Amino acid sequence: MIAKFKLTLAVCTLTAASALAQQVTLPLPRLLTVMPMGGQAGTKVEVTITGENTEEIRELMFSTPKITAQPVAGAENKFVVNIAADTPVGVYDARVMSRLGVSSARAFSVNKLPEVTRTKANNSPETAMALPVGTICNATMTKRAVDFYSFQGVKGKRVAVDCAATGIDSRLTPVVVLADAKGGDLKVNRTGGVIDFIPPADGTYLIKVSDLTYQGGERLFYRLALQEAPGAGPAPRQPQTQTVSAMSWPPAGLPATAKANETEPNNKPVEAEKVSLPLDVAGAFFPAADVDTYEFTAKKGETWWVEVASERLGLNTDPFVLVQQVKKTGDKETLTDVAELYDIAPPMKVTSNGYSYDGPPYDAGSPDVNGKFEIKEDGTYRLQVRDLFGGTRSDENNVYRLIVRQAMPDFSLATWAVHMTLRNGDRASLSKPMALRAGESRAFEVVVQRRDGFDGEIEISMENLPPGVSATGLKIAKGKPYGHLILTASGDAKHGFSLAKITGKATINGAVVTRPVRVASMEWPVKDAKGEIPAPRLMADIPVSVSDSEQAPLSFAAAENKVFEGTAGQTLKIPLKLTWRNEFNGTSIKVKAYGEGFSGIKEFDIPLKAAAHEATIDLAALKIAPGDYTFAFQSLGICKYRYNPAAVPLAEAEQKKAEQMAAAAAAEAKKVAATDAEAAKKAAEKQKQAEAAMATATNRMKAITTAASPTDTVEILISEPIRVSVKPAAATTASK
């Protein structure tokens, strides 16, 4: 399915030197860090942000109106964040609005516990930072070192140590060790879970935090929570973002809590928990090697669907379900396997490595279970659920929810921006906010997880867009795993922003059903996936912006805004209009298509700088049935891109002014040097400051000029959507 859009750069041949100089896609605004990366509800927090391509920041915004921010006067990239007292505990998305529009997201956590930020080195037991129980500490990992914390433990009083990192967008892979006062290890966690600890005696205990490979820096941040734990039950954990796999959970209309909880012991056949179907039960893969067993009766001809959620709840688990028929003869039991249910397959094949684009770098599948079993004869049956990772782990936090139901056909949807590969061994997985340039069209893959046998077509739509921006869904056809969404900004669109909504609509059992579409994106801009593993997640909302600061390098669309009519089995000609705004390498661009029925269009060339071109489509070769269709053309091109050239004259003026001020300060210092020692001292200091300001302005001028120099940039080129109506071929005399 992805083969039709294997964006390997065949547009033109490149020398090794020119290839190395390329950048992948036009720059987009990205928020990189927010420090501290969270706060306590009901407080104000001063944060410092960093980003790329984020000049002229206008606002720091969040995915809830309960969190607001105001810039700190006189300070660059600093904001005071106000967290309302009634803000629910959770992880929210922070973004900035800048010259190029809305940025990528960065996680911002809210909790009810008091918070502190580490401000000085704590890389030895002697310099351990004291952390009161019931506190969260925000910190960045020290490179090639271990961060030490200390706390006072009370004998028999249970505490939980939780280091949030991967679940809040950090690049840190935390190793957390709980030790005694001398540094002797007592408990270790290398999987991002919670250390559940009951102090054997009153006294000082240490918490040691490090990266698995001892990396460090501002991108390896963490939130270390130390809190009391209840006398029984799972230890408390900090909230985290959702992986892409969570797009299919929960099913629509499912109650927030299960109707029942498992009853232990239920591991052995004689302990099997007696239940009746349908079933909705919450349980835990606890203790180690736990196998929860449920026994029920069923009748011949029944079909039951089984769904287990655990990994999609944010846990490092791999559920497995075994269904067996039980026949008893006296004291003897005979078990016959009915079904083995494993993973939920991804709708699109996920890329297998960093050397070829054989699928997107997003996995909407899951190790969780969603499958069915059929009853061949009346009788007694048992269902076992276990964690394939749980053989030696004993963690009460590894919970699951098991649902056994008769068919309830439905679907879940997610979307992400189309990604590309440049050449063998160089794959970029970039965070791509919906920040459009005027005149740009951008493509998104929309994938579906079909539930309980649903295989109907799904119409995709998007609403609440900024002025000048439109969206067209290329439907997901019957039985297909994905479709596309084309987002387009008109060439004359002005700067704008809105929170949008994407939905999918289908007919199930005669009723129209509408479901939301979740947006996924990369947490970080991974420019070469050979050296860094991409980390995608679901976003909390769908912000869309358009910027008139720059325009797209190329816009192309049908010459007329109309429905083009063709006849099945014949040729359809579509005149195109093209607006070229940048210089491009090569002599032409190679064009294919998106859209059900039209993705098999034979690749064709459009000469560079052509203002018009006629696309010829062989409907017979495509074997397109009569009906109405929408598709879009797509290509790759290497353009000469200049980043923010409008900033160059401003930087020149700033540099000239700084030079003048430095010259004036030097003249003043020379004038008073021999007359007044005190005045000369002040003048010399003023001259020093002016020269420093001049050096800063000169460096800034150099950086801005370099960025504004033409750079070979590979970009995905998408046309505006094109509508076609294919009519039936006229009946021939023979067919009559």
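Residues numbered from 1 in each chain as written. Predicted model: local features only at pLDDT ≥ 70, side-chain atom pairs only at ≥ 80, totals over all residues. Heavy atoms only, no water.

Student: Any chance you could explain the environment of alanine 610 here in plain terms?
Tutor: Structurally, the position occupied by alanine 610 is in the loop between β48 (604-607) and β49 (612-618). Residues alanine 610 and lysine 66, spaced 544 residues apart in sequence, show a C-alpha to C-alpha distance of 51 Å. Ignoring any residue separated from it by four or fewer positions in sequence, one finds alanine 610 in contact with Leu578 and Trp580. (Helix = DSSP H or I, 4+ residues; strand = E, 2+ residues; numbered from the N terminus. Contact = heavy atoms within 4.5 Å.)

Student: Would you take a moment to explain the pattern of salt bridges for this structure?
Tutor: Pairing between side chains of opposite charge can happen when the charged atoms of each approach one another. On inspection of all chains with the given rule, the structure shows 36 salt bridges. Between aspartate 452 and arginine 405 there is a salt bridge whose closest N-O contact spans 2.7 Å. With aspartate 452 in the loop between β35 (441-451) and β36 (459-463) and arginine 405 in strand β30 (residues 399-405), this pair connects stretches of sequence that are 47 residues apart. In this structure aspartate 452 comes out as buried when scored by relative accessible area, which is 4%. For arginine 405, a relative accessible area of 7% gives the class buried. Taking the shortest distance from any N to any O, the salt bridge between lysine 590 and aspartate 605 comes out at 3.3 Å. Within this pair, whereas lysine 590 is found in strand β47 (residues 588-594), its partner aspartate 605 is found in strand β48, the two being separated by 15 residues in sequence. What makes aspartate 605 partly exposed here is its relative accessible area of 36%. (Salt bridge = Lys/Arg side-chain N within 4 Å of Asp/Glu carboxyl O. Buried < 20%, exposed > 50% of the residue type's maximum accessible area, 1.4 Å probe, protein only.)

Student: Help me understand helix α4 (residues 677-707), please; the structure alone is not making it clear to me.
Tutor: Because each turn of an α-helix spans 3.6 residues, side chains separated by three or four positions in sequence point in the same direction. Look at α4: 45 Å from first C-alpha to last across 31 residues, which is about the 45 Å you get at 1.5 Å a residue. All of the buried residues along α4 are Ala680, Ala683, Ala690, Ala697, Met701 and Ile704. Contacts made by the buried residues of α4 are with α3 (647-672). (Expected span 1.5 Å × (residues − 1).)

Student: Sorry if this is basic, but what is going on with the packing of aromatic side chains here?
Tutor: Aromatic rings considered in pairs are described by the distance between their centres and by the relative angle of their planes. For the structure on display, the rule yields 16 aromatic pairs. Aromatic side chains phenylalanine 296 and tyrosine 381 sit 6.2 Å apart centroid to centroid with 20° between the ring planes, which places their arrangement in the stacked category. Of the two residues, phenylalanine 296 sits in strand β24 (residues 291-298) while tyrosine 381 sits in strand β29 (residues 379-387), which places them 85 residues apart along the sequence. The class of phenylalanine 296 is buried, set by a relative accessible area of 3%. (Phe/Tyr/Trp six-rings, centres within 6.5 Å; stacked < 30°, edge-to-face > 60°.)

Student: Got a minute to help me understand the nonpolar core in this structure?
Tutor: The tendency in soluble globular proteins is for nonpolar side chains to be buried side by side. Counting 37 residues, the largest nonpolar core has Ile574, Phe598, Ile617, Phe631 and Phe633 as its most contacted members. For this core, the elements supplying multiple residues, two or more each, are β44 (554-558), β46 (571-580), β47, β48, β49, α2 (619-622), β50 (627-641) and β52 (722-727). Here phenylalanine 631 is in contact with Leu474, Ile574, Ala593, Tyr594, Gly595, Phe598, Ile601, Ile617, Glu720, Pro721, Ile722 and Val724, once residues within four sequence places are set aside. Leu413, Phe444, Leu465 and Val546 belong to the second largest nonpolar core, which has 31 residues in total. (Core = buried A, V, L, I, M, F, W, Y, C linked by side-chain atoms within 4.5 Å.)

Student: What is the right way to look at the side chain of aspartate 93 in this model?
Tutor: Along the chain, the position of aspartate 93 falls in strand β8 (residues 90-98). Side-chain polar atoms of aspartate 93 contact the backbone nitrogen of alanine 540, separated by 2.8 Å. Dropping the residues within four chain positions of it, aspartate 93 is found in contact with Met61, Phe62, Ser63, Ala105, Arg106, Arg537, Met539, Ala540 and Asp541. (Polar contact = N/O pair within 3.5 Å; in protein donor to acceptor, adjacent residues only side chain to side chain.)

Student: Just to check I follow, could you spell out the sheet that holds strand β28 (residues 369-374) for this structure?
Tutor: Two orientations exist for strands paired in a sheet by backbone hydrogen bonds: parallel and antiparallel. Taken in spatial order, the 5 strands line up as β21-β23-β30-β25-β28 in an open sheet, and their pairing is mixed. Every other strand in the sheet has two partners, leaving β21 (260-261) and β28 as the edge strands with one partner each. The pairing of strand β23 (residues 279-284) with β30 spans 6 bridges and is classified as antiparallel. Looking across to β30, one finds that glycine 283 is bridged to tyrosine 400. (Pairing = 2+ DSSP bridges.)

Student: Could you clarify how one ought to interpret unusual backbone geometry in this entry?
Tutor: Excluding glycine, residues mostly carry a negative phi; peptide bonds, for their part, are mostly trans. A cis amide bond links leucine 277 to the next residue, proline 278, at an omega of 0°. Here proline 278 is to be found in the loop between β22 (273-274) and β23. Backbone torsion omega between phenylalanine 286 and proline 287 reads 0°, so that peptide bond is classified as cis. With respect to the helices and strands, proline 287 occurs in the loop between β23 and β24. Backbone geometry places alanine 289, a non-glycine residue, at a positive phi of 65°. Within the secondary structure layout, alanine 289 lies in the loop between β23 and β24. Classification of alanine 289 as partly exposed rests on a relative accessible area of 47%. Although it is not a glycine, lysine 623 adopts a positive phi angle of roughly 55°.

Student: Help me understand the confidence of the model for the chain in this model?
Tutor: Caution is warranted with low-pLDDT regions, since their predicted coordinates should not be read in detail. The pLDDT averaged across the chain works out to 91; a share of 94% of its residues lies at or above 70. Contacts from residues 1-20, a stretch scored under 50 in pLDDT, to residues over four places away or in other chains number 50 contacts. (pLDDT = per-residue confidence, 0-100.)

Student: Sorry, what's going on with the sheet that holds strand β16 (residues 174-180) here?
Tutor: If you walk across this open sheet you meet the 5 strands as β12-β14-β19-β16-β17, and the pairing is mixed. Each of the sheet's edge strands pairs with one partner strand only, and the pair in question is β12 (129-130) and β17 (185-189). Both β16 and β17 contribute to a ladder of 4 bridges, which runs antiparallel. Bridged to valine 176 within β17 is asparagine 189.

Student: What am I meant to see in the pairing of strand β13 (residues 135-141) here?
Tutor: Regular strands have side chains that alternate between both faces of the sheet. Counting buried positions over the 7 residues of β13 gives 6, a clear majority of the element. Bridge count for strand β11 (residues 115-117) against β13 is 3 bridges, and the pairing is parallel. Within the sheet, the bridge partner assigned to valine 116 lies in β13 and is cysteine 137. Note: β13 against strand β20 (residues 217-228), 7 bridges, orientation antiparallel. What sits directly across from methionine 141, in β20, is glycine 217.

Student: Help me out: how do you make sense of the state of the cysteines in this one?
Tutor: Simply put, the disulfide is a covalent bond whose two ends are the sulfur atoms of two cysteines. In total, this model carries 0 disulfides according to the counting rule given. In this structure cysteine 163 is not part of a disulfide, and its nearest cysteine sulfur, from cysteine 137, lies 9.8 Å away. Residue classification places cysteine 163 among the buried positions, given a relative accessible area of 5%. (Disulfide = S-S within 2.5 Å.)

Student: Help me understand the packing of α3 against α4 in this model?
Tutor: Angle between the axes and distance between the axes: these two values describe a pair of packed helices. Two elements in contact, α3 and α4, have axes whose closest approach is 8 Å; the angle formed by their N-to-C orientations is 160°. Overall, the two elements α3 and α4 adopt an arrangement that is roughly antiparallel. Crossing geometry of α3 relative to α4 is assigned as left-handed. Of the residues that constitute the contact of α3 with α4, the class distribution is 20 nonpolar, 4 polar and 7 charged. (Axes fitted to C-alpha atoms, helices over the stretch in contact; angles between N-to-C directions. Parallel < 35°, antiparallel > 145°, perpendicular 65-115°, else oblique. Left-handed = near helix turned anticlockwise from the far one by under 90°. Nonpolar A, V, L, I, M, F, W, Y, C, P; charged D, E, K, R; others polar.)

Student: What exactly am I supposed to notice about the side chain of asparagine 398 here?
Tutor: Structurally, the position occupied by asparagine 398 is in the loop between β29 and β30. According to the relative accessible area criterion, asparagine 398 is buried, its value standing at 7%.

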